[in-house]
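Working through the structure, step by step
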Amino acid sequence: MKKFLKIGIVLLTVVLVCTYAYAEIKCKVELKSDKKEVAKETEFVVKVDLADVEAEKGIITLGATLEYDDANLELVKLEGKNGWANPSYNEENGKFVMDRNEPTTEGETAIEITFKSKDTAKKDIEVTLKEVSVANGDDKSDLEDASTKITIKGDSKKDNTTEENKTSENTTKENTTPISKTNTNITRNTNTNVAKNTTNTATVASTDIPKAGDTNIVTMVFAIATAALCVLYFGKLNEIKKKEHDMNIEK
């Protein structure tokens, strides 16, 4: 009986180890800005890239918390790329969650975040992703934080435009021949809408990516334990029958 018990324990251990090894997801998230130096009141894009992906079942869900200095930067939009849907974003805590049309096992840009530097922006600004996690639909893996730095330099577009207008006015006054005035109106992109899920984004993005693999593992462990008990029972039953048979032969 002890022999059957040892075999059952060994089989259970092997199955559990194989299950966790299969479900393990390895990945790295990187932030890359399309511009390392930008002028004031200028838009720039920060890409969120998946790199060094090792996931047999692929990655289909990404979640994180976006942190940036809103006194110096204005968030314009978040846009999913390469099959990733636009994220559900919670403006209150900076959390977002997004999924993909099908699992991916390749490194790629998952999302592009567009910012606009403010007129009073300081020189060095950092954008960070924290509490990053990915999932394959059953299991979740927590990843390291990622960040990138952007340098704000020079005068704002508003200041530059004012200087240009002054130069244009001086030239016009010196010219004895009347000329048409140059249109000095500046068209700026003021769209600050952030891509949101049409459902309740505060509820969706305020929660972490669910880990559904635990239920599958508990079910598997229960099934294996039941099988091990069956093996022990039938082994013991065979021993009893054998002893009865031997006794009948002796009689």
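The present account deals with the structure reproduced in this document. In this text, all values refer to a predicted model and were calculated from it rather than measured experimentally. (Residues numbered from 1 in each chain as written. Predicted model: local features only at pLDDT ≥ 70, side-chain atom pairs only at ≥ 80, totals over all residues. Heavy atoms only, no water.)

**So, the overall build of the protein chain**
What counts is decided by this rule: Strands here are runs of E lasting at least two residues and helices are runs of H or I lasting at least four, both read from the DSSP assignment and numbered beginning at the N terminus. Residue exposure (1.4 Å probe, protein chains only): buried if accessible area is under 20% of the type maximum, exposed if over 50%, otherwise partly exposed. Pairs of residues are marked as contacts when any of their non-hydrogen atoms sit within 4.5 Å.
Across its full length, the protein chain holds four helices and 11 strands. Across the 251 residues that make up the protein chain, the buried fraction comes to 34%. If you take every contact in the protein chain between residues at least 6 apart in sequence, the share linking residues at least 24 apart comes to 77%.

**Structural notes on the pattern of salt bridges**
Which entries qualify depends on this criterion: In what follows, salt bridge is the name for a side-chain nitrogen of Lys or Arg lying within 4 Å of a carboxyl oxygen of Asp or Glu.
Summed over all chains, the structure comprises 12 salt bridges. As a salt-bridge pair, K57 and D138 come within 2.4 Å of each other at their nearest N and O atoms. Pair noted here: K57 is in the loop between β3 (43-54) and β4 (59-67) and D138 is in the loop between β9 (124-135) and β10 (140-142), with a separation of 81 residues, a long-range link. What makes K57 partly exposed here is its relative accessible area of 27%. Judged by relative accessible area, which is 26%, D138 ranks as partly exposed. Of the charged contacts, one joins R100 and E108 as a salt bridge, the two residues approaching to 2.9 Å between their closest N and O atoms. Looking at R100, the relative accessible area reads 15%, which means it is buried. Given the relative accessible area of 14%, E108 is considered buried. If you follow the salt bridges from partner to partner, you end up with K28, E30, K32, D49 and D52 in one network.

**Here we look at the environment of T65**
So the rule is basically this: Under this definition, polar contacts are N or O atom pairs within 3.5 Å; protein pairs additionally need one hydrogen-donor-capable and one acceptor-capable atom, and for neighbouring residues in sequence, both atoms have to be side-chain atoms.
Along the chain, T65 turns up in strand β4. On the basis of relative accessible area, T65 is assigned to the buried category, the value being 7%. Sequence separation of T65 and S133 is 68 residues, and the distance between their C-alpha atoms is 9.8 Å. What T65 contacts, discounting residues up to four positions off in sequence, is N93, G94, K95, T128, L129, K130 and E131. There is a polar contact of 2.8 Å between the side chain of T65 and the side chain of E131.

**Remarks on unusual backbone geometry**
A positive phi angle, near 55°, is found at N82, a position not held by glycine. Structurally, N82 is set in the loop between β5 (73-80) and β6 (88-89). Accessibility expressed as a relative area gives 43% for N82, which makes it partly exposed. With a phi angle near 50°, E131 is a residue other than glycine that sits in the positive phi range. Checked against the element boundaries, E131 lands in strand β9. On the accessibility criterion, E131 (53% relative accessible area) is exposed.

**Some words on the packing of aromatic side chains**
The line we're drawing: Between rings of Phe, Tyr and Trp, where Trp is taken as its six-membered ring, a pair exists when centres lie within 6.5 Å; planes separated by under 30 degrees are stacked, by over 60 edge-to-face, and by other angles tilted.
Considering all chains together, one arrives at two aromatic pairs under this definition. One aromatic cluster in this structure is built from F44, Y68 and F115.

**Some details on the sheet that holds β5**
Where we set the bar: When DSSP locates at least two bridges between a pair of strands, those strands are taken to pair. An axis is simply a line fitted to the C-alpha atoms; with a helix, the fit covers only the stretch in contact. Between two such axes, the angle follows the N-to-C directions and lies from 0 to 180 degrees.
Pairing is antiparallel across the open sheet formed by four strands, whose spatial order is β1-β3-β8-β5. Looking at the sheet topology across the chains shown, the edges are occupied by β1 (26-33) and β5. Shown here is a sheet whose adjacent strand axes are inclined to one another by a mean of 20°, direction ignored. Bridge count for β1 against β3 is seven bridges, and the pairing is antiparallel. In the sheet register, V29 faces β3, and the bridge partner there is L50.

**Points about the pairing of strand β7 (residues 95-104)**
The pairing of β4 with β7 spans six bridges and is classified as antiparallel. Within β7, the residue paired with T65 across the bridge is K95. With two bridges joining them, β6 and β7 adopt antiparallel strand pairing. Looking at the pairing, S88 lines up with V97 of β7.

**Overview of the environment of K149**
As for its placement among the helices and strands, K149 is situated in strand β11 (residues 146-156). Separated by 113 residues in sequence, K149 and K36 place their C-alpha atoms 7.2 Å apart. Leave out the neighbours within four places in its chain, and K149 touches K36, I125 and E126.

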